[in-house]
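Geometric and topological summary
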Amino acid sequence: MMIIWLWLCCCFPAAVGQPDSELMARYLEEKLMADYSVVEQVVRRVPRQTRFLQRLETRPRMSEFSVKSTIISRYAFTTVFCTMVNSGSEAREAVFEMQIPAAAFISNFTMSIGNKTYYGEVTGKEKKHSNDDKAKMKKPPSPVNGRENGYETFKASVFIPRKMQASFLLHYEELLQRRLGKYEYMVSIRPQQLVGRLRVEVNILENSGIISLEVPPLRNSKHKGNGKAEAGVVSPPPSTVIGQTKTLAKVTFSPNVVEQTKIARNGILGDFIVRYDVNRELSVGDVQILNGYFVHYFAPMDLPPLPKNVVFVLDSSASMVGTKLRQTKEALFTILQDLRPEDHFNIIGFSNRIKVWQQDRLVPVTPNNIRDAKKYIHNMSPTGGTNINSALQTGAKLLNDYIAQNNIDARSVSLIIFLTDGRPTVGETQSSKILSNTKDAIRDKFCLFTIGIGNDVDYKLLERMALENCGMVRHFQEDEDAASHLKGFYDEIGTPLLSDIRIDYSEDNVEQVTQNFFPNYFNGSEIIIAGKLINHTSDSLHVEVTASNSKKYILLKTDVAIDLPSTNDIRAVPGLEDGRGDQNYIERAWSYLTIKELLNSRLKSNDDQEKEYLTEKAKSMALAYNFVTPFTYLKMREAGLHSEPPHEELISPSTDGIGEKLQSLQGHKAPPGIRRHQDKQRIKISKTSADGDPHFVIDFPSSKFSVCFNIDGEPGDILRLVSDHKESGVTVNGQLIGAPAPPNGHKKHRTYFNTITILSNKPERSYLEITPTRIILDDGERLILSCDRNAVVRSSSLEVSISANSNITVTIRDTISFVILIHRYKKPAPYQKDHLGFYISNSKGLSSDSHGLLGQFLSHEVKLLRESLNINQQQVGQNQTEALQPNLTNTLKVKGRLVPVVWKQRRIYNGQQQVDCWFAKNNADKLIDGSYKDYLASHPFDTGTSPGTINSL
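Criteria and cut-off values
Counting of residues starts from 1 at the beginning of each chain's written sequence and follows it residue by residue. Owing to the predicted nature of the model, reporting of local features is limited to residues with pLDDT of at least 70; listing and counting of side-chain atom pairs is limited to 80 or more, with chain, interface and lining totals taken over all residues. Excluding hydrogens and water, the side-chain values take into account all heavy atoms of the structure. Whether two strands pair comes down to DSSP finding at least two bridges between them. Helix and strand assignments follow DSSP, with helices taken as H or I runs no shorter than four residues and strands as E runs no shorter than two, numbered in order from the N terminus. Classification of ring pairs uses Phe, Tyr and Trp, with its six-membered ring standing for Trp, and accepts pairs whose centres are within 6.5 Å; under 30 degrees between planes counts as stacked, over 60 as edge-to-face, and the remaining range as tilted. A ring is scored as having a charge over it whenever the NZ atom of a lysine or the CZ atom of an arginine sits within 6 Å of its centre and within 35 degrees of its normal. Only protein chains enter the accessibility calculation, which uses a 1.4 Å probe; a residue whose area is less than 20% of its type maximum is buried, one above 50% is exposed, and one in between is partly exposed. How far a helix is expected to stretch is found by multiplying one less than its residue total by 1.5 Å. Residues adjacent in sequence count toward polar contacts only when both atoms are side-chain atoms; beyond that, a polar contact is any pair of N or O atoms within 3.5 Å, and within protein one must be able to donate a hydrogen and the other to accept it. Counted as salt bridges are all cases of a side-chain nitrogen of Lys or Arg within 4 Å of a carboxyl oxygen of Asp or Glu. Contacts between residues were defined by any pair of non-hydrogen atoms, one from each residue, lying within 4.5 Å. Interaxial angle, 0 to 180 degrees, is taken between N-to-C directions of lines fitted to C-alpha atoms, where a helix line uses only the stretch in contact. An angle counts as roughly parallel when it lies under 35 degrees, as roughly antiparallel when it exceeds 145, as roughly perpendicular when it falls between 65 and 115, and as oblique in every other case. Two helices that cross are described as forming a left-handed crossing if the nearer one is turned anticlockwise from the farther one by less than a right angle, and a right-handed crossing if clockwise. Asp, Glu, Lys and Arg are counted as charged, while Ala, Val, Leu, Ile, Met, Phe, Trp, Tyr, Cys and Pro are counted as nonpolar; the rest, among them Gly, fall into the polar class. Disulfides are defined as cysteine sulfur pairs within 2.5 Å.

Describing the sheet that holds strand β26 (residues 510–511)
The antiparallel open sheet is built from four strands, whose spatial order is β16-β17-β28-β26. The open sheet has two free edges, formed respectively by β16 (286–290) and β26, since each of these has just one partner strand. Here β26 runs beside strand β28 (residues 527–533); their pairing, made up of two bridges, is antiparallel. By the bridge assignment for β28, Val-510 is matched with Leu-533.

Things to note about the packing of aromatic side chains
Applying the stated criterion across every chain, the model contains 24 aromatic pairs. With a centroid separation of 6.5 Å and 20 degrees between ring planes, the pair formed by Phe-109 and Phe-168 is classed as stacked. Pair noted here: Phe-109 is in strand β4 (residues 105–113) and Phe-168 is in strand β8 (residues 164–175), with a separation of 59 residues, a long-range link. Taken together, the aromatic side chains of Tyr-75, Phe-77, Phe-105, Tyr-592 and Phe-627 make up a single cluster linked through ring pairs. Lying over the aromatic face of Tyr-297, Arg-74 brings its terminal NZ or CZ to 3.9 Å of the ring centre. The aromatic ring of Phe-919 is capped on one face by Lys-904, whose charged end is 4.1 Å from the ring centroid.

A short note on the pairing of strand β17 (residues 293–298)
For β17, the buried fraction is high: six of the six residues fall into the buried class. Across the two faces of β17 the burial is the same, with Tyr-293, Val-295 and Tyr-297 and Phe-294, His-296 and Phe-298 all buried. Two strands pair when backbone bridges link them, and β16 and β17 are joined in this way by five bridges, in the antiparallel orientation. Looking across to β17, one finds that Ile-289 is bridged to Phe-294. The hairpin turn running from β16 into β17, its antiparallel successor, is two residues long, and Asn-291 in that turn takes a positive phi close to 50 degrees. Direction of pairing for β17 relative to β28: antiparallel, over a ladder of six bridges. Across the sheet, the residue bridging to Tyr-293 is Lys-532, located in β28.

Some details on helix α14 (residues 608–625)
In an α-helix, one turn spans 3.6 residues; hence positions three or four apart end up facing the same way. End to end, α14 covers 26 Å across 18 residues, agreeing with the expected 26 Å (1.5 Å per residue, within 8%). Two to three positions downstream of the cap, the backbone nitrogen of Gln-609 sits 3.0 Å from a side-chain oxygen, assigning the N-cap of α14 to Asp-607. Asn-626 lies just past α14 and shows a positive phi near 60 degrees.

Quick notes on the pattern of salt bridges
One pass over the full model with this rule turns up 36 salt bridges. Between Arg-92 and Glu-90 there is a salt bridge, with its nearest N and O atoms 3.3 Å apart. Accessibility expressed as a relative area gives 42% for Glu-90, which makes it partly exposed. For Glu-492, the salt bridge identified is with Arg-474, shortest N-O distance 2.8 Å. You can see Glu-492 sitting in helix α11 (residues 482–493) and its partner Arg-474 sitting in strand β24 (residues 473–476), a full 18 residues away along the chain. A single burial state applies to Glu-492 and to Arg-474, both of which are buried. Through salt bridges with shared partners, a single network forms among Arg-74, Arg-178, Glu-206, Asp-277, Arg-280, Asp-286 and Glu-526.

Some thoughts on the environment of Glu-478
Looking at the element boundaries, Glu-478 is found in the loop between β24 and α11. Note on Glu-478: relative accessible area 40%, which makes it partly exposed. The spacing of Glu-478 and Gly-452 is 26 residues in sequence and 9.9 Å in space, taken between C-alpha atoms. Excluding residues within four positions of it along the chain, Glu-478 makes contact with Thr-323, Lys-324 and Gly-454.

Let's talk about the side chain of Asn-256
Its place among the elements puts Asn-256 in the loop between β14 (248–253) and α5 (257–263). Relative accessible area serves as the criterion here: at 14%, Asn-256 is assigned to the buried category. A polar contact of 2.8 Å, which involves the side chain of Asn-256, links it to the backbone nitrogen of Glu-259.

Considering helix α8 (residues 388–405)
An ideal rise of 1.5 Å per residue puts 26 Å on 18 residues; α8 measures up with 26 Å between its terminal C-alpha atoms. Within α8 the residues assigned to the buried category are Ile-388, Asn-389, Ala-391, Leu-392, Gly-395, Ala-396, Leu-398, Leu-399, Asn-400 and Tyr-402.

A short note on unusual backbone geometry
In the segment running from Asp-693 into Pro-694, the intervening peptide bond is cis, with an omega of -5 degrees. Here Pro-694 shows up in the loop between β32 (689–691) and β33 (695–700). Between Lys-762 and the following residue, Pro-763, the backbone shows a cis peptide bond with an omega angle of 0 degrees. Positionally, Pro-763 belongs in the loop between β37 (749–760) and β38 (766–770). Positive phi, close to 60 degrees, is recorded for Asp-360, a residue that is not glycine. With respect to the helices and strands, the residue Asp-360 is situated in the loop between β20 (354–356) and β21 (363–364). Assessed through its relative accessible area of 68%, Asp-360 is described here as exposed. Within the chain, Asp-444 stands out as a residue other than glycine whose phi angle is a positive 60 degrees.

Notes on the packing of helix α9 (residues 431–442) against helix α10 (residues 459–468)
Where α9 contacts α10, the two axes come as close as 10 Å, and the packing angle between them is 25 degrees. What the angle tells us is that α9 and α10 run roughly parallel. Both α9 and α10 take part in a crossing whose hand is right-handed. Together, Ser-431, Ile-434, Leu-435, Thr-438 and Lys-439 of α9 and Leu-461, Arg-464, Met-465 and Glu-468 of α10 make up the contact between the two elements. Among the residues forming the contact of α9 with α10, the class breakdown is four nonpolar, two polar and three charged.

Describing the state of the cysteines
Throughout the structure, instances matching the rule amount to two disulfides. One disulfide bridge connects Cys-447 with Cys-470, the sulfur atoms lying 1.9 Å from each other. Taking the sign of the torsion about the S-S bond as the criterion, the disulfide between Cys-447 and Cys-470, at about -105 degrees, is left-handed. Here Cys-470 lies in the loop between α10 and β24 and Cys-447 lies in strand β23 (residues 447–453), a separation of 23 residues in the sequence.

Structure (structure tokens):
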């Protein structure tokens, strides 16, 4: 570097003084990009600096480093292109090194040296295979030899002849995992020298819609693995350009030499990160179908956290002395503070001895218990060996006994968090025995999450323990940020939202579905399932999601339209140079997930025959999809003397034109002409209802006639429809919205129900808030459901059943049923608003004292009287109502009151049925107790029991 500075100084007159550093850097950048012979010119100009020349010639220089990535619905295709120039007088070794995510699969590698091109051929590993290729490549499977916080190093070394260059092209794929509510895509940039052309381009296509896109500053290796946004710093690296539409985003990072020197004087050493999330519907999730394959993303929101029963098992052996134990304590102090009042916990410290904080029990989260737990952790001191087996046995027994002996909340989630920095040295030290003992102790009753710190951990042991016991594993290096890594991992699993999740599809329509049962779903994560379609004549895919525990059972279901292949065919998206560019990203996501599951199953298996079968199956799929796995490798072959060198633009993925082609991929709505399996249900229930403007209907089956009336309320009014809070504990309120009156109408405005609130306080308090788009259910837990998906939620005393975009049925204690119709307009007129209709299906469970605009008539009979101009009133027989003449004045007798009525016809059930009824005018004057203003509630959850409100009239 100093050579270049001296030469540039000679190019300016001495009178100019100090040269402009930015001008010199720009000149150098142009020279570097144009011709690397500038290095020789530097040498000739300043022969006194030969020692710097020798240093410069020790390795080839990197002239270009570019990365282009395309992420389509969380599936990322990454192409890395690098050029190195040997300007020396003899052949030099060039090392191309790239850190890639450990979860990624390499799918291709090509390199060109002079006029020769070599391509990587994915080949199945035999028990012994030759490794004498011209390029030496390795992707170490061990965390000690290359894996660092979930990343591995790909390395290729070649000798470049003098005055020549070599180009490298690496392609890898990965399915992004959602953590803490974000997807994180990372590109490792480690040229460790100034590069003439450096560029990173990330294209994101998410048809659901992209939200919360962020590009934090470059992150060095010591800060990997946390997954959390850098506190207080949100600005992207210099020269970063971000462009975004609703479904597309493009992020570029292309620092020139000047900007590179500002970031790092000797070349960039860090990770370029893009984080984002997508819009989500309150339903079964995002199901995408393309050319015979589907992928299903499920990440529900707005769910209440489940209580936790957690045992922390912490290594306090002598090897934890210093930084590691200090960082563990710091993380635990924060974690304990984040426990919720409904959680229970205990702490076990282990070395060669096992020390339990609270013997034979888990304690509730209280200020005193948190304070005492912090004291216990503070006093932990490192000493002795590492008895992993006994520590896990103690933790498992403690949790099992607590579950068996205590009346714990059946909805709670139990788990062990195990942390160590070493290998077993005391007690049972054989890994296979420790694994067997742990599995026998846990017995699938809870999950085990393992954390390894430093380079001495037995990562394979921790990984297998977690896999065999429905948990996850993390490995962190010992550094100044380890405490935040630990806290970040706990944040991933600290908020369980659902348990026992099962996702099913129509059996005659799918095959080779990946894992579809999950013991827990944690806030901020995502469940992903993929599969193949076998019934190519079907026009939809039926999906059902269930989650159950002893208190509540949830069933979500829908039919996803299967589009014609031609409408969703995306050619050349993967951009693979081996002819696989016509394969769709959903199929590759399915193959990626399937191979991952085969590898995990093999890791967990103890049966040699089963392991061999899983090995061959994983190898076969990897060869079919050109993935480098533990059972396949890249064998370099010469492509021929006249082969074209690899070129980034020809091979990198592209999103050109994809946005339009993917608009119908999501499958949320069936396109025109496609019939759904489940049509809107035609409801056959009682006519007693409040619907429309609103129009009220009261059905009297024993009298064989119906009564109807209107309530002309004001927008914002909340009408009490059913009030039986003291007896059955049930109250129903409806809130009105306004709309302009139709042209030439006699009304000043229209009103509709836009919210129906149903409250029940027996046997326990719960409420439902229903709108035309969503339902909020709160029975101690808050659950939000979408009205455009079929769903069933069932608890001990309440059931909510949703027929998508049609109706909601609410059943309370099997004796009270309400049906709420959903009215939506595709192209509403100004006087039309999306609204609800309320129908009473079963009122057996309501008491005779129930009240409200509808409730007061459920247990009372109404008599119909006829009065002529010259004749006294006389009772009209029930069978004579149809013979009433228009010139007669007709009257109802209600609780001793006489109410004049007229004959009308009214349509109910969304216009599907016509009702003949006797109509009471003037806001049901004399028909209802009091006036309609007496039925105004103060708020949607008003039960009429608070001071100043009317219980019953």
